[in-house]
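# Examining the three-dimensional arrangement
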Amino acid sequence: MRGGFDYLRPRSLEEAQEWKARTEGSRYVAGGTDLLVRMKEGKEHPAALVSLRRVPELSGVRHDGVTRIGTATRIGDCLDDAALVARYPVLAQAMTTMGCVQIRNLATVGGNLCTASPCADLAPPLLVLGARLSVRRAAGGREEEIPLEQFFVGPRQTQLGPHDLATAVVLDAPSAGRTVFFKKTRVQMDLALASVAVLLELDGRTCRKARVAAGSVAPTPRRLEAVERVLEGQVLARELVLQAEQVARECVAPICDVRAGDAYRRHVTGVFVRRAVEHLLGAERP
Amino acid sequence: MKHSLAFVLNGSPIVCAVAPSDLLLETLRDELGLTGTKEGCGRGECGACTVLLDGRPVNSCLLPALEVEGREVTTIEGLARGHELSDVQQAFVERGGIQCGFCSPGMILSVQALLARSADPKEDEIRAALVGNLCRCTGYVQIVESVKAAAERRRGRP
């Protein structure tokens, strides 16, 4: 590839962080489906790439009480994990909308989150699932868990320092909530112009717990707490659902770009919230 | 500085020299002379550069060559046996799934991978599997028919 760069392949977490710290101008890479494209477009010019693909601690899905998804786990491999798909269907739904087969065989869970595009498809489902991100800080190598809702700071900006390394997505055992994910695109393989994930714990038509998150309609993927407050503790009658739709429209801050105008993105966010609630009210018990 | 890269290409072990910044697409075409794999967009959107990595379709335009060390790569050149086309290739020829041919190597490899996982794919499943392979000529209709024909032929064989 034009520009030339060095390509390092560490075989352990320690090696990865050590080599990263001592290699000036280096970037971590896993699937490369975002970073390589930006490099080709001249938007990023790292002197070296530190590949995470051969660090065993970073790949794989483990279920024991909590579920841990290694950040370098490919999306395609996640979809082949039957337990993951069964326990967290909203996450699997989002994964099947990502790119195409080829992209899903390269791209990783960690890459989607750490790239931190406002459109990140995995963010809305992980936000409603209350996911945490396990991060190994560069200094002293201590590991800490960050709630995902605190992780995104701005478009393509996260809480990670330059040599920090996100190691796993951590999910608690699934609750009794019902979930659904909607994503609006122009064509099959496209960035979302609006996406919404909803989790409801229902007792008949009474909502005990509501989690609502949206992507592509604000500088970061985020929970829509205002919508959650409309729904939680309430009987979900039609007027209330329409109120939630209205609040959803008002509480997002979409941009206008080549994919869609801001008014349309607001409109779709509201529609998705309403449709999600209607769908979950009518859905089979999990 | 070049690195030595050892991997399995179309069933045979191979060693070649690559720069750290070489992408697999470049290595296949420029170093190894295997020009069946095409560059369409260079961004992972069109699928013309699709190859199979350990049997799974990937965009070779986004994959650093060094990443295939010790792994198995299948390109379109690996499907035929001498002059005998594979069953998928034959189905595409017979059913008009190939017009200009530019998307065909990537398309056929994606189909190869699909049929390895799914013996009787319905239209929805076929189209979902081929989202990442764009074709400007066929409108995809004959491609879907080619896939169904290849699948049927395979099911008919013991």
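All figures in this text were calculated on a predicted structure; none of them were measured in a lab. (Residues numbered from 1 in each chain as written. Chains lettered and ligands numbered in written order. Predicted model: local features only at pLDDT ≥ 70, side-chain atom pairs only at ≥ 80, totals over all residues. Heavy atoms only, no water.)

### A word on the sheet that holds strand 4 (residues 61–64) of chain A
All names here are of chain A. Operational definition: Pairing between strands is defined by DSSP: at least two bridges between them are needed. Secondary structure follows DSSP: runs of H or I at least 4 residues long count as helices, runs of E at least 2 residues long count as strands, and numbering of each begins at the N terminus. Axis definition: a line fit to C-alpha positions, over the contact stretch in the case of helices; interaxial angles, taken between N-to-C directions, run 0 to 180 degrees. It only takes one pair of heavy atoms within 4.5 Å for two residues to be counted as in contact.
With respect to topology, five strands assemble into an open sheet ordered 4-5-10-6-7, the strand pairing being antiparallel. A single partner strand is all that each edge strand has here, and the edge strands are strand 4 and strand 7 (143–147). When strand polarity is set aside, the average angle formed by the axes of neighbouring strands in this sheet is 25°. In the packing of helix 1 (residues 13–22) onto the sheet, the strands contacted are strand 6 (132–136) and strand 10 (165–171), and the crossing angle to strand 10 comes to about 140°.

### Focus on the sheet that holds strand 11 (residues 178–184) of chain A
Residues and elements named next belong to chain A. The strand order across the open sheet built from four strands is 11-12-13-14, with neighbouring strands paired in antiparallel fashion. A single partner strand is all that each edge strand has here, and the edge strands are strand 11 and strand 14 (222–223). Sheet topology note: the strand 12 (residues 194–203)/strand 13 (residues 206–215) ladder contains nine bridges and is antiparallel. The residue of strand 13 that forms the bridge with Leu-202 is Cys-207.

### Focus: the packing of aromatic side chains
Residues and elements named next belong to chain A. Applicable threshold: Only Phe, Tyr and Trp rings are paired, with Trp represented by its six-membered ring, and only when their centres lie within 6.5 Å; those with planes under 30 degrees apart are stacked, over 60 edge-to-face, the remainder tilted. Three exposure classes are used, based on accessible area relative to the maximum for each residue type with a 1.4 Å probe and protein chains only: buried under 20%, partly exposed in between, and exposed over 50%. Sitting over a ring, as applied to charges here, requires NZ of Lys or CZ of Arg to be within 6 Å of the ring centre and within 35 degrees of the ring normal.
Under the definition given, this model contains two aromatic pairs over all chains. Relative to Phe-152, the ring of Phe-151 lies with its centre 5.4 Å away and its plane at 70°, an arrangement referred to as edge-to-face. Classification of Phe-151 as buried rests on a relative accessible area of 0%. Exposure remark for Phe-152: the relative accessible area of 9% places this residue in the buried category. Across from the ring centre of Tyr-28, 5.3 Å away, lies the NZ or CZ of Lys-20, which sits over that ring.

### Remarks on the confidence of the model for chain B
What counts here: Along the chain, pLDDT gives the predictor's confidence residue by residue, from 0 to 100.
Chain-level pLDDT for chain B is 97 on average; 99% of the residues reach the 70-or-more range. Our summary of model confidence lists the complex with pTM equal to 0.96 and ipTM equal to 0.97.

### Side note on helix 3 (residues 104–117) of chain B
Worth spelling out the cut-off: By this rule the span expected of a helix is its residue count minus one, scaled by 1.5 Å.
Across its 14 residues, helix 3 of chain B extends 20 Å between first and last C-alpha, which sits within 8% of the 20 Å expected from 1.5 Å per residue. Of all the residues in helix 3 of chain B, the buried ones are B:Ser104, B:Pro105, B:Gly106, B:Met107, B:Ile108, B:Leu109, B:Ser110, B:Val111, B:Ala113, B:Leu114 and B:Leu115.

### Describing the nonpolar core
All names here are of chain A. Filter applied, for reference: In these notes, a set of buried Ala, Val, Leu, Ile, Met, Phe, Trp, Tyr and Cys residues joined through side-chain atoms within 4.5 Å is what counts as a nonpolar core.
By size, the foremost hydrophobic cluster in this structure holds 71 residues, and its most contacted members are Leu-113 and Leu-122. If we skip the residues at most four places from it in the chain, Leu-122 touches Ile-75, Leu-91, Ala-94, Met-95, Met-98, Val-109, Asn-112 and Leu-113. One finds Leu-202, Val-247, Ala-248 and Val-277 within the second-largest nonpolar core, a separate group that totals 30 residues.

### What to know about the packing of helix 3 of chain B against helix 5 (residues 141–156) of chain B
All names here are of chain B. The condition that has to hold: We call two directions roughly parallel when the angle between them is under 35 degrees, roughly antiparallel when it is over 145, roughly perpendicular when it lies between 65 and 115, and oblique otherwise. Crossings are assigned a handedness: left-handed for a near helix turned anticlockwise from the far helix by less than a right angle, right-handed for a clockwise turn. When residue character is reported, Ala, Val, Leu, Ile, Met, Phe, Trp, Tyr, Cys and Pro are called nonpolar, Asp, Glu, Lys and Arg charged, and the others, Gly included, polar.
Closest axis-to-axis distance for the helix 3/helix 5 pair is 11 Å, and the angle between their directions is 40°. Classified by the angle their axes make, helix 3 and helix 5 are oblique. As helix 3 packs across helix 5, the resulting crossing turns out to be right-handed. Note on element contacts: helix 5 touches helix 3 through Ile-143, Val-147, Ala-150, Ala-151 and Arg-154, opposite Met-107, Val-111, Gln-112, Leu-114, Leu-115 and Ala-116. Per-class residue counts for the contact of helix 3 with helix 5 are nine nonpolar, one polar and one charged.

### Side note on the environment of A:Ala253
All names here are of chain A. As for its placement among the helices and strands, Ala-253 is situated in the loop between helix 11 (238–251) and helix 12 (262–282). Given the relative accessible area of 40%, Ala-253 is considered partly exposed. Sequence separation of Ala-253 and Asp-80 is 173 residues, and the distance between their C-alpha atoms is 35 Å. Leaving out residues up to four positions away in the same chain, Ala-253 has contacts with Val-217, Ala-218, Pro-219 and Arg-266.

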